[in-house]
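Residue strings, one per chain:
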Amino acid sequence: MNVIRLFMWGYQDSFWIEAKLAAEKVFNQLDSDFKPQVFLLGILSEDLEERYPVCFEPEECGLQEEWFTEIQEQAKHYEAIDEERHYFHSHPLSQEKHEQHLKLKALRKALLEILNSHNSVSTNYEVFCSYPILVSGYRVFVVLKLNEACYQKYYALNTTHLRRDKIPTSLIDAVILEYFAACQRALMLPNPGAGLKTLEREPTEIINLAGRFLMYTPALKSEAGNNIASYTLFEDCNTISSLTYEGAEGRGKIILAPPNHPNVSIDILFAKPVAFKNFGAVRKLLELCGHRESLIADSTSIYGLGYVSGTYDVRYENLFQINFTRQHSWELVHAQHTMMRVKYRQANIPSSVINETKFRTDAGRIFPNIEPKQIEALLELIVAATKQKHGALVIIAEDAEQEATRLANESTVIQPIPLTPELMSLVTAIDGAVLVSPDATCFAIGVILDGRATPKGNPARGARYNSAIRYVESQNQSLAIVVSEDGGVNLIPNLMPQIRKSELIRHIEIIGEVHTSEKRDRIAYYASEEWLRSHQFYLSKEQCDKLNMMMREITRGFLRESGWGIEHNDLQPHEDMNESYFMIED
């Protein structure tokens, strides 16, 4: 039985586990380098006897109770200097709600200041926290930490508020707010954490809601944001991008800016603006767009055709561009920075066309003798190949010269030549693969690949992808880079990242300790159990069998103790797992 010393309510540990897992799923879907950390912090709000003034969940999150002894005084100071204290509402209930908001806002600001003042919390991390929700006499905050380097590498606006309204500065900012909103709704439920699914939103739903929220920013900045139609801009763009015109997919640009913007030149002014909701008409108008010309709009309607001129002062943050890149795909851009990409109605942050870190790591694992400068040269070539509109296929093989001879009847063999990005753009212009060695020497182009049939193929993917799968499965020390027509890039083989074997053993040992202990620590168990399930690939058959036995018995113990436990399918070993997936440790 798990004993909670810093007690707020009976299911606080369960709620924390779910909030933690939800954050990992949401932010890892955006970028696996975010490394989110979550903990709960409660400030006693009512005069309750024998209750701690400050509580944390988990208790081992690195916080110290004495840090927060002055938090109420700090909050009163921030409330006293808040400019919004001068705002008054004529209705008593509205005024009461406003005053309560100021108190919670000040308490949140004081908490963030305390957390950021301690290096043990904030070093290498950006710290965020929700507004508090009252639970069993405590003002409960959800605190989120994200890897600072990962957070800072993405572009964000500077303006956070407009006409007292909070507006998101980036998709990540919007995702944080939507994640907190989901947590706050869950904390309002009776006994939060008591059910098996406390947070109602799925990760993709949270991210899409964030995308919808992010589009409020250009809507409000175009000075038509007081119209409720502007708040459907995300859905409007999804619908427009899905349409074709005379069988052709839509490509074009829409500039969102206030009327008479100094950097918007209008060539054609429509006598009657075309509403965004008139999807077919907007799709037809996209045909007018050229290299320079864009449709000119506020957030509700298209009113002209023109272009961006002069030098835009980015400080104003009031000139945005929506690019329709192909059917079902569009993006939001500000000052040449892509803020969000949407594909098949799923929002995501902009990322490199190819995961450069993964390419470097995988190339080094597949070709042990390759030099770092050779990897960088190959990476430049792959980036050039990704610019082919019809896609491309590049095969890097240790025995590329011999393979060129073997496949001579199904390829164009050339005199060996060191490739440059310019040459790569040329040789990928024809169908077939480009065959190169790890030192970036090309031996053949237009290669038709062979290979044995494999169950790893994907019938939903095209011939280029499946032929690369068959070839790599038949060859040793080869790496295929598949560039699809929609710009996506796949590495084959798609190697799982290396992990520390010691960390795997540590989580297995924690499960073993819980299994043999008379007092079963639910928090330690579920944290390690979730980690092992997400790293199931690295487990051997013997480890899976042992863990499955222990987990079944632990779950039965939880059911006897409290009447609830979470059952999962058995862990299964993976046929591709071997010792090369473990890092070399001292």
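Quantities reported herein were computed from a predicted structural model and do not represent experimental measurements.

*Asks:* Tell me about the nonpolar core, and name the residues and values.
*Replies:* Judged by nonpolar contacts, the single largest core of 153 residues is most densely connected at Phe27, Phe34, Phe68, Tyr179, Ile254, Ile302 and Phe359. With 11 residues, helix α6 (residues 171–187) is the single largest residue contributor to this core. Beyond its immediate stretch of four places on either side in the chain, Phe34 contacts Phe27, Leu146, Asn147, Cys150, Tyr151, Tyr154, Ile172 and Ile349. In this structure, Ala397, Leu449, Tyr465 and Tyr471 belong to the second largest nonpolar core, which totals 20 residues.

*Asks:* So what's going on with the sheet that holds strand β19 (residues 412–418)? Residues and values would help.
*Replies:* As summarised here, the arrangement of the 6 strands in space is β19-β21-β20-β18-β22-β23, forming an open sheet in which the pairing is mixed. Each edge of the sheet is formed by a strand with only one pairing partner; in this case those strands are β19 and β23 (489–492). Between one strand axis and the next, the sheet turns through 20° on average, direction left out of account. Of the pairings in the sheet, the one linking β19 to strand β21 (residues 441–447) comprises 4 bridges and is antiparallel in character. Opposite Thr412, over in β21, you have Ile445 as the bridge partner.

*Asks:* How would you summarise the packing of aromatic side chains if you had to cite specific residues and measurements?
*Replies:* Going through the model one piece at a time under the given rule, you end up with 16 aromatic pairs. Arranged with centres 5.9 Å apart and planes meeting at 55°, the rings of Phe56 and Phe68 form a pair that is tilted. Taken together, the residues Phe56 in strand β2 (residues 54–57) and Phe68 in the loop between β2 and α2 (71–81) connect sequence positions 12 residues apart. Residue Phe56 shares its accessibility class with Phe68, and that shared class is buried. When the ring of Tyr179 is compared with that of Phe180, the centres are 5.8 Å apart and the planes differ by 45°; the resulting orientation is tilted. Phe180 carries the same exposure label as Tyr179, and that label is buried. Among the aromatic side chains, those forming a connected cluster through ring pairs are Phe27, Phe34, Tyr154, Tyr179 and Phe180. Across from the ring centre of Tyr125, 4.6 Å away, lies the NZ or CZ of Lys145, which sits over that ring. A cation over an aromatic ring shows up here: Arg292 above the ring of Tyr307, its NZ or CZ 3.7 Å from the ring centre.

Conventions and cut-offs
Residues numbered from 1 in each chain as written. Predicted model: local features only at pLDDT ≥ 70, side-chain atom pairs only at ≥ 80, totals over all residues. Heavy atoms only, no water. Core = buried A, V, L, I, M, F, W, Y, C linked by side-chain atoms within 4.5 Å. Buried < 20%, exposed > 50% of the residue type's maximum accessible area, 1.4 Å probe, protein only. Helix = DSSP H or I, 4+ residues; strand = E, 2+ residues; numbered from the N terminus. Contact = heavy atoms within 4.5 Å. Pairing = 2+ DSSP bridges. Axes fitted to C-alpha atoms, helices over the stretch in contact; angles between N-to-C directions. Phe/Tyr/Trp six-rings, centres within 6.5 Å; stacked < 30°, edge-to-face > 60°. Lys NZ or Arg CZ within 6 Å of the ring centre and 35° of its normal.

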